[in-house]
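Notes for the structure review
Chain by chain, the residues:
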Amino acid sequence: MQRASKTFYIETFGCQMNVHDSEKVAGTLLARGYRQVPRPEEADLVLYNTCSIRDKAEQKVFSRLGQFKKGQNGGKMFGVLGCVAQQEGARIFERAPQVGLVCGSASYRKLPQLLAQLEAGSGRVTGLELDTDEPFETEFTRRDNPFRAYLTIIEGCDKHCAYCVVPFTRGRERSRSSRQILEEARRLVDAGYSEIQLLGQNVNSYRDPSPARLTFARLLRAVAETPGIRRLRFTTSHPRDFTAEIVAAIDSHPTLCDHVHLPVQAGSDRVLARMQREYTREQYLEKIACIRSARRAISITTDLIVGFPGETEEDFAETLSLLEEVRYDAAFSFKYSPRPNTPALALDGVVPEEEKARRLAVLQEKQRQIQLEKNQALVGSAQEVLVEGRQEALQQWVGRTSQNRVLNFTVPRGSAGHSRLGTCAWARVTRAGPNSLVGEMLPAGQRQEAERLAGAT
Ligand code: SAM
Ligand code: SF4
């Protein structure tokens, strides 16, 4: 068959949602008889899955495409997928005539037809519809990580934060049916995945379209009960839709990890209102108090933006005071980046780049100090990790705790030297930095004791 000899290369920019979209796109291509190759030079079809949440994402993809000029690329086909595709649309063909496929994420379900047209010689194929109720379902997904499987439960976003391009690039919210999600979770566990991570721009805005009408918290419980599942995570949660039922689900299901990612963006009510986040600092802190009232020690991480238009020195000081108040376990922080089509473009009070950079450095230093203190408080404790890597040079295994901390650990001399990848292990923390922990694996006897103590908490 002619198609069997075709090869593809895919490069992904951006978040976990994009990584997982690429896994599904790769699955769609493999199902059509394509073979994946590790370098664009070897591929018949070269795909760039793009992100435009910040910065000049378009420049990145056009510079990649510039390496392969039309007429000098041995008949390769090129495709631009994701946010830049949706944002720039058919203009991409003008700037990069070697491109044959432009497809936004809301049109991925049409990929098989679009690919068929491309293979049949249609020069320029687009999938740019945004207005869809249907999520991207694939027969087959080629997952990159052999231990942790991403599982999309909701696509798109119906919130309209003033700075954000997602509603324009990913379209309206559409949830998958709980039946399909639970079936996929069962298949993943049967295939040997230790951890499942439920994904969505706002996972907790989930609305089950099937008659079961599961709430997000009920869905969490149902997935957490999949026989054989070791760990379940979910990201990202939106503060507005965060409920006490989610905390109750974590409390009562040991397979649900002790971690909530709850982006706050800013600590000042004035900035939150201008951002159209639709919650106040106090309402956000109530959600934090709810998480902190759990029986389990749940780690809390966040996203922050500095230098949003109109952010004064006093507003910024309120973001710093929020960091002190919540003491996040980790934070992703960004300089505000003006995005096409977004309402924030019309706001006055633009903060100069140098000032944004200064605020970001101050914020990151404060957060670094908090993380260091929190991590150092764990020295001496026993932690269960899921092992996901190996650093040969340091003779360390790389694991992740339930609270989502990276813990690099050594194995005592004389312990079996087999691979531990994908298994769970107990380690005692011996050192801590701001971003990771270092430890030693516990011998069997102590491990049982640690397990007993963990079970009792
Ligand atoms: N839906 C999640 C929420 O609202 O809580 C966030 C998803 S968004 C894809 C990831 C993060 O990117 C946001 O939390 C925000 O901090 C950051 N972000 C989005 N637009 C941005 C912009 N224009 N400039 C800087 N950071 C931005
Ligand atoms: Fe963007 Fe706001 Fe939607 Fe999050 S909730 S994806 S920040 S618009």
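About the cut-offs
Residues numbered from 1 in each chain as written. Chains lettered and ligands numbered in written order. Predicted model: local features only at pLDDT ≥ 70, side-chain atom pairs only at ≥ 80, totals over all residues. Heavy atoms only, no water. Near = heavy atom within 4 Å. Nonpolar A, V, L, I, M, F, W, Y, C, P; charged D, E, K, R; others polar. Salt bridge = Lys/Arg side-chain N within 4 Å of Asp/Glu carboxyl O. Buried < 20%, exposed > 50% of the residue type's maximum accessible area, 1.4 Å probe, protein only. Helix = DSSP H or I, 4+ residues; strand = E, 2+ residues; numbered from the N terminus. Patch = residues over 30% accessible without salt bridge, like charges linked within 9 Å, V, L, I, M, F, W, Y side chains within 5 Å. Areas by Shrake-Rupley, 256 points an atom, 1.4 Å probe, with all protein chains shown as cover. Lys, Arg positive; Asp, Glu negative; His and termini not counted. Charge placed at Lys NZ, Arg CZ, Asp CG, Glu CD. Core = buried A, V, L, I, M, F, W, Y, C linked by side-chain atoms within 4.5 Å. Contact = heavy atoms within 4.5 Å. Pairing = 2+ DSSP bridges.

Here we take up the site of ligand 2. Lining the immediate surroundings of ligand 2 are Cys 157, Lys 159, Cys 161, Tyr 163, Cys 164, Val 166, Pro 167, Gln 201, Asn 202, His 238 and Arg 277. By residue class, the composition of the shell around ligand 2 is six nonpolar, three polar and two charged.

To continue, consider the pattern of salt bridges. According to the stated counting rule, one finds 39 salt bridges in the structure shown. When the shortest N-O distance is used, the salt bridge between Arg 39 and Glu 41 registers 3.8 Å. On the accessibility criterion, Glu 41 (47% relative accessible area) is partly exposed. Between Arg 230 and Glu 384 there is a salt bridge; the shortest N-O distance is 3.7 Å. Of this pair, Arg 230 sits in the loop between α8 (216-224) and β11 (231-235) while Glu 384 sits in strand β15 (residues 382-391), and the two are 154 residues apart along the sequence. Owing to a relative accessible area of 28%, Glu 384 belongs among the partly exposed residues under this scheme.

On the surface, a cluster of negative charge is contributed by Asp 269, Glu 282, Glu 286, Glu 314 and Glu 318. Secondary structure elements with two or more residues in the negative patch: α11 (281-292) and α12 (313-326). Counting through the fold element by element, Glu 318 comes out in helix α12.

Let us now look at the nonpolar core. Formed by 67 residues in total, the largest nonpolar core has its most connected members in Ile 153, Ile 196, Leu 198, Leu 232 and Phe 234. By residue number, the principal contributor to this core is α8, which donates six residues. Residues contacting Phe 234, with those up to four places away along its chain left out, are Leu 198, Val 203, Phe 216, Leu 220, Ile 246, Ile 250, Leu 256, His 259 and Val 260. One finds Phe 13, Val 84, Phe 93 and Val 102 within the second-largest nonpolar core, a separate group that totals 21 residues.

Our focus in this paragraph is the pairing of strand β5 (residues 99-103). A large share of β5 lies buried, amounting to five of its five residues. In this structure, strand β4 (residues 77-82) lies alongside β5, joined through four bridges in parallel fashion. Following the sheet pairing, Val 80 is matched in β5 by Val 102. As defined by bridge partners, β5 adjoins strand β6 (residues 125-127) across three bridges and the pair is classed as parallel. Bridge pairing links Val 102 to Thr 126 in β6.

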